[in-house]
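Residues per chain are reported as follows:
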Amino acid sequence: MPRKWTEAKVASLIASGIGAGSGPDYKPWIHVRDISSQGRKHLVPGTRFGRDVHLLSNIEYGLFLMLEWSDAVLDINEQFALDRDLTQDVARKLGIKHPYYPGTNVPTVMTGDFLVTLRRGGQTVVEAFNAKSDSDAEDVRQMEKLEIQRTALELMDVKHHLVFDSSLPQKKVRNLDLLERARVKPNEIEPNPGYFDEMARRLGRHANLAVSASPNKTLSQVCAEFDNAHGAPEGTGLRAAYILAKRKELTFDLNSEHPAQQPIGRFKVETETQFKRLAGGMR
């Protein structure tokens, strides 16, 4: 976003579709390039929603991993824009000063962290999520702006969830991060085309046999044996295991402390045919 805001610039961005759309065509109002957050921002490439996702904090990243993992979630619009006329009207009625872009008289286009399309009770609904640090709860101005958002969303008949970092299950978030980092990213250079897909298929068969034959061996040991058997670089098998887990073809307790050190007998491996029949997967 530009450093100097004008009404003309806001109108131009809105007209170009910034902050609107759905699925692969969605364009967030704020991109990671627009802010400086000292390494806390995250650009998650090629997500299951068909595009890169722009996250502005570690808390947003953790909540995104949780939302993306849920089979109930159909789409996620991060950094979504709220209608300025609505938020200004709400602010006036609440007696709260509406935010302005620094050094200007231009009212800020207020944004929420996530607008999520999901299934609830057999219906498709849209709900909003904001991810904040516990310290934000002590920041009066932060809470005022959140109240403007909450009220505006209520008028739009959109349920609002405020999620603090202390409420995120940290072990689960760390494990979901492991799976995300293992995923083959768009434009990643592999030893040969489809290398990790093939390694994942082979590892699935190898692990399936190990579940019955060597249930007390750890996932790490099974993957090390896989690397030796296939002449693969160290760590290939474990990455393949996490790729399968990301696809929900290898299941384990996401709240476990160190998944690689868990006995392989605690894992469940779905064959390709079985997986295609499943409606669920790892929870």
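Refer to the structure above for everything that follows.
Quick look at the structure, then.

What counts, and where the lines are drawn
- Residues numbered from 1 in each chain as written.
- Predicted model: local features only at pLDDT ≥ 70, side-chain atom pairs only at ≥ 80, totals over all residues.
- Heavy atoms only, no water.
- Helix = DSSP H or I, 4+ residues; strand = E, 2+ residues; numbered from the N terminus.
- Buried < 20%, exposed > 50% of the residue type's maximum accessible area, 1.4 Å probe, protein only.
- Areas by Shrake-Rupley, 256 points an atom, 1.4 Å probe, with all protein chains shown as cover.
- Contact = heavy atoms within 4.5 Å.
- Pairing = 2+ DSSP bridges.
- Axes fitted to C-alpha atoms, helices over the stretch in contact; angles between N-to-C directions.
- Right-handed = clockwise from strand over helix to strand, strands pointing away.
- Phe/Tyr/Trp six-rings, centres within 6.5 Å; stacked < 30°, edge-to-face > 60°.
- Core = buried A, V, L, I, M, F, W, Y, C linked by side-chain atoms within 4.5 Å.
- Salt bridge = Lys/Arg side-chain N within 4 Å of Asp/Glu carboxyl O.

## With respect to the overall build of the protein chain
Scanning the protein chain from N- to C-terminus turns up nine helices and eight strands. If one aligns the C-alpha atoms of the protein chain with their principal axes, the spans along those axes are about 70 × 35 × 35 Å. Within the span of the protein chain, comprising 283 residues, buried residues form 46% of the whole. Of the roughly 14,900 Å² of accessible surface on the protein chain, a fraction of 50% belongs to carbon and sulfur atoms.

## Points about unusual backbone geometry
One non-glycine residue, Q79, lies in positive phi territory at about 50°. For Q79, the position within the fold is in strand β3 (residues 73-81). A positive phi angle, close to 65°, is found at D157, a residue other than glycine. Structurally, D157 can be placed in the loop between α4 (140-155) and β6 (159-164).

## Re helix α8 (residues 236-246)
Burial within α8 is extensive, with 10 of its 11 residues counted as buried. Those residues of α8 that are buried lie in contact with α2 (58-69), α5 (170-182), α6 (195-213), α7 (219-230) and β7 (250-251). Where α8 ends, the next residue or the one after it, K248, has phi of about 65°, a positive value.

## Description of the sheet that holds strand β4 (residues 111-120)
Sheet architecture is open: four strands sit in the order β3-β4-β5-β6, paired in mixed fashion. At either end of the open sheet lies a strand with only one pairing partner, and these are β3 and β6. Strand-to-strand twist across the sheet, computed as the mean angle between neighbouring axes with direction ignored, equals 30°. Sheet analysis places β4 next to strand β5 (residues 123-132), joined by seven bridges and oriented antiparallel. Residue pairing across strands places R119 opposite T124, the latter belonging to β5. Contacts from α4 reach β3, β4, β5 and β6, with the element oriented near 175° to β5.

## Focus on the pairing of β6
As paired elements, β5 and β6 share six bridges and run parallel to each other. Across the sheet, residue N130 finds its bridge partner in β6, namely L162. Read as a crossover between parallel neighbours, the route from β5 over α4 to β6 is right-handed.

## Quick look at the packing of aromatic side chains
Inspection of the entire model under this criterion finds six aromatic pairs. Judged by centre distance (4.0 Å) and plane angle (5°), the rings of W5 and Y101 are stacked. Of this pair, W5 sits in the segment before α1 (7-15) while Y101 sits in the loop between α3 (84-94) and β4; the two residues are 96 residues apart in sequence, bridging distant segments of the chain. Y101 gets classed as buried once you look at its relative accessible area, which sits at 8%. Ring plane angle 35° and centroid distance 5.4 Å describe the contact between F252 and F267, whose orientation is recorded as tilted. In this pair, F252 sits in the loop between β7 and β8 (268-269) while F267 sits in the loop between β7 and β8, placing the two residues 15 residues apart along the sequence.

## Description of the nonpolar core
Ranked by internal contacts, the top residues of the largest apolar core, which has 49 residues, are L63, F64, L67, I76, F114, V116 and L203. Leaving out residues up to four positions away in the same chain, I76 has contacts with F49, R51, F64, L67, E68, F114, L115 and V116.

## Looking at the pattern of salt bridges
If charged atoms from side chains of opposite charge come close, those side chains can pair. The full count for this structure, using the stated rule, is 21 salt bridges. Taking the shortest distance from any N to any O, the salt bridge between K246 and E68 comes out at 3.1 Å. Taken together, the positions of K246 in helix α8 and E68 in helix α2 put the pair 178 residues apart, joining distant regions of the chain. Each of the two residues, K246 as well as E68, counts as buried.

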